[in-house]
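# Residue-level structure breakdown
As a plain string of letters, each chain reads:
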Amino acid sequence: MPTPPRLAVIHTGGTIASRPSPDGRGLTPQQAPSVPGLDGVQVHDVQPFSLPSPHMTPAHMGQLAALIETLAPDHDGIVVTHGTDTLEETAFALHLTLNVPVPVVLTGSMRHAEEISWDGPANLLDAAHVALHPSSRERGPLVVIGGDIFDARTVTKIHTTAVDAFGGYPGPIGRIDREGRTPRLHYFARPEPRATYRPAHLNARVEILYAYAGWTGEGYAEAAARADGLVIAALGTGNLPAELLPLIRATDKPVIIATRTHAGPVLPVYGYAGGGATLVGAGAIPASFLNAHKARLLLLILLGQGLTREQIRAVFERDEF
Ligand SMILES: NC(=O)C[C@H](N)C(=O)O
């Protein structure tokens, strides 16, 4: 008899584990869901913690990475259930730090178990099929929601309430559907090489500042003084009001320029005071295609690995993530 596939399901909380709290406080994580209708698969449930995902920290992400490394040798696939609010951050932190041969698939739900449109079971089953599929190997951690399969590098939450809450530029790298009970899985892209990092710690302080018309740098000096590095969600291709230019020039810690625009790269093209070219001239580092919160995690991990500002610049410039 062939041995049944072995799937580990790591439950971390989120709406997929939530229900209305009996004391009327609102939704809280209470009960981890079980994978429905997976015949012939050995499922091993693990629950390291049960958190709403706004309570997730880099320390939890590190704990999760260590747990996945322990489980990987004895499993053919690993599913992680997670709240959707910070799911992309955990997915990207795992993408940067994990190097395991088995597929790791994150999923969650937008509706809880007592709602008519409860999307937890279908997402969980889809994630399980994707995690056990041989074509899912070598792709780094994946995110599966609403039948779409996303790469951890590009996926982002795009809607606060819709069931299809995830997107990101340029979009899904695959799709899972079911024909009856048979999963039909297609990838539209080949696996891509990626760098993995082994930070000694995840304790660096990296803060995000959000740019707006009329910002004259409020909050910058305080953040630059207390943090080990900054990320700015800047305007358009990575531009800022003129007042920020001397502040950035005076900062010797890494300052990453991301964009608050929802898609596209940061490019140092504008030469007016505060334009992207002048910010890079003043020492800032463009975040490439990473959004501000993913750029923050990359910077946190590179600082935890002891890299200098110029080594950090090289990682962002060469897209080594
Ligand atoms: N849909 C969700 O999971 C949202 C929830 N607030 C969480 O991230 O934990």
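- You'll find the protein entered in an unreviewed UniProt entry as Asparaginase, with Deinococcus depolymerans given as the organism.
- Quoted verbatim from the Sequence similarities (unreviewed entry) field of the UniProt record, the comment on the protein reads "Belongs to the asparaginase 1 family."

## Digging into the pairing of strand β11 (residues 174–179)
- The pairing of strand β8 (residues 148–151) with β11 spans two bridges and is antiparallel. Within β11, the position partnered with Asp 148 by the bridge is Arg 175.
- Pairing of β11 with strand β12 (residues 182–187), which is carried by six bridges, proceeds in the antiparallel orientation. Bridged to Arg 178 within β12 is Pro 183.
- Between β11 and β12, which follow one another and run antiparallel, lie two residues, and Gly 180 among them has a positive phi close to 60°.

## With respect to a nonpolar patch on the surface
- There is a patch of nonpolar side chains on the surface, built from Leu 267, Val 269, Tyr 270 and Tyr 272 and spanning about 390 Å² of accessible area.
- Mapped onto the elements, Tyr 272 comes out in the loop between β15 (255–259) and α6 (276–281).

## Concerning the UniProt feature "domain: Asparaginase/glutaminase C-terminal" (unreviewed entry) in the protein
- When the UniProt feature table is mapped onto this chain, "domain: Asparaginase/glutaminase C-terminal" (unreviewed entry) is found at residues 205–316.
- This span, residues 205–316, is 36% helix and 16% strand, and a straight line between its end C-alpha atoms measures 18 Å.

## Some thoughts on the site of the ligand
- Around the ligand, the neighbouring residues are Gly 14, Thr 15, Pro 52, Ser 53, Pro 54, Gly 83, Thr 84, Asp 85, Ser 109 and Met 110.
- In isolation the ligand has 270 Å² of accessible area, and contact with the protein removes 83% of it.
- When grouped by side-chain class, the residues that make up the shell around the ligand number three nonpolar, six polar and one charged.

## Structural notes on the UniProt feature "domain: L-asparaginase N-terminal" (unreviewed entry) in the protein
- Under the UniProt annotation, the feature "domain: L-asparaginase N-terminal" (unreviewed entry) is placed at residues 6–177.
- Between the end C-alpha atoms of residues 6–177 there is a gap of 21 Å, over a span that is 22% helix and 24% strand.

## Re the environment of Arg 198
- You can see Arg 198 is positioned in the loop between β12 and β13 (206–210).
- Look at Arg 198 and you get exposed, because its relative accessible area is 55%.
- Separated by 101 residues in the primary sequence, Arg 198 and Thr 97 place their C-alpha atoms 6.0 Å from one another.
- In contact with Arg 198, not counting residues within four places along its chain, are Glu 69, Thr 97 and Gln 305.

## Considering helix α1 (residues 58–71)
- End to end, α1 covers 20 Å across 14 residues, agreeing with the expected 20 Å (1.5 Å per residue, within 8%).
- Residues of α1 that are buried include every one of Pro 58, His 60, Met 61, Leu 64, Ala 65, Ile 68 and Leu 71, and no others. Looking straight down α1, one finds that the buried residues subtend no more than 150° of arc, so they occupy a single side. Away from its buried face, by an angle of more than 90 degrees, α1 presents the exposed residues Ala 59 and Thr 70.
- For α1, the elements touching its buried residues are β1 (6–11), β4 (42–46), β5 (77–81), α2 (87–97), β6 (104–107) and α7 (292–304).

## Considering the sheet that holds β5
- With mixed pairing, eight strands are arranged side by side in an open sheet as β4-β1-β5-β6-β7-β8-β11-β12. One side of each edge strand has no neighbouring strand; the edge strands of this open sheet are β4 and β12. The average angle at which neighbouring strand axes cross in this sheet is 25°, direction not considered.
- Sheet strands touched by α1: β1, β4, β5 and β6. Its angle to β1, the strand with the most contacts, is close to 165°.

## Overview of unusual backbone geometry
- Of the consecutive residues Tyr 169 and Pro 170, the connecting peptide bond is found in the cis state with omega at 0°.
- Mapping Pro 170 onto the fold places it in the loop between β10 (166–167) and β11.
- For Glu 138, which is not a glycine, the phi torsion comes out positive at approximately 65°.
- Among the structural elements, Glu 138 can be located in the loop between α3 (120–132) and β7 (142–145).

## As for the nonpolar core
- If you look at the biggest cluster of nonpolar residues, it comprises 31 residues, and the most contacted ones within it are Val 231, Ile 256, Leu 298, Leu 302, Ile 312 and Phe 316.
- At the level of elements, α2, β14 (229–234), β15, α7 and α8 (309–317) are the ones that each hand at least two residues to this core.
- Top element by residues in this core is α7. It accounts for nine residues.
- Among the nonpolar cores identified, the runner-up in size contains 26 residues, and Leu 64, Ala 72, Leu 106 and Phe 150 belong to it.

## Quick word on the pattern of salt bridges
- By the definition in use, this model includes 17 salt bridges.
- In this structure, Arg 198 engages Glu 69 in a salt bridge whose closest nitrogen and oxygen atoms are separated by 3.0 Å. Of this pair, Arg 198 sits in the loop between β12 and β13 while Glu 69 sits in helix α1, and the two are 129 residues apart along the sequence.
- One salt bridge connects Arg 205 with Glu 207, and the closest N-O pair in it is separated by 2.9 Å.
- Residue Glu 207 is classed as buried on the basis of its relative accessible area of 15%.
- A single network of salt bridges, built from pairs that share partners, joins Asp 148, Arg 175 and Asp 177.

What counts, and where the lines are drawn
Per chain, residues are indexed from 1 in the order of the written sequence. Residues qualify for local features only when their pLDDT is at least 70, as the model is predicted, and side-chain atom pairs are given and counted only at 80 or more; totals for whole chains, interfaces and linings, by contrast, use all residues. Side-chain measures here rest on the full set of heavy atoms in the structure, leaving out hydrogens and waters. UniProt positions are given in the numbering used here, feature names are shortened, and annotations may be inferred rather than shown by experiment. Only strands that DSSP links by at least two bridges are regarded as paired with each other. Labels follow the DSSP assignment, with helices taken as runs of H or I lasting at least four residues and strands as runs of E lasting at least two, numbered in each case from the N terminus. Every patch collects residues that have over 30% relative accessible area and no salt bridge, joining them within 9 Å if they carry like charges and within 5 Å if they are nonpolar side chains (Val, Leu, Ile, Met, Phe, Trp, Tyr). Throughout, the Shrake-Rupley method with a 1.4 Å probe supplies accessible areas, and for residues the shown protein chains are the sole cover considered. The salt bridge criterion pairs a side-chain nitrogen of Lys or Arg with a carboxyl oxygen of Asp or Glu, the two atoms within 4 Å. Here, proximity means that at least one heavy atom of the residue falls within 4 Å of the molecule or strand. Three classes are used, and their members are as follows: Ala, Val, Leu, Ile, Met, Phe, Trp, Tyr, Cys and Pro are nonpolar, Asp, Glu, Lys and Arg are charged, and the others, Gly among them, are polar. Between buried and exposed lies partly exposed: a residue is buried under 20% and exposed over 50% of the maximum accessible area for its type, with that area taken using a 1.4 Å probe on protein chains only. The criterion used for residue contact is that any of the two residues' heavy atoms lie within 4.5 Å. A helix is expected to reach a length of 1.5 Å times the quantity of its residues less one. Throughout, the arc means that of the directions going from the helix axis to the C-beta atoms. Every axis corresponds to a line fitted to the C-alpha atoms, with the helix fit spanning only the stretch in contact, and the corresponding angles, defined between N-to-C directions, vary from 0 to 180 degrees. The nonpolar core is taken to be a set of buried Ala, Val, Leu, Ile, Met, Phe, Trp, Tyr and Cys residues, with the residues joined through side-chain atoms within 4.5 Å.

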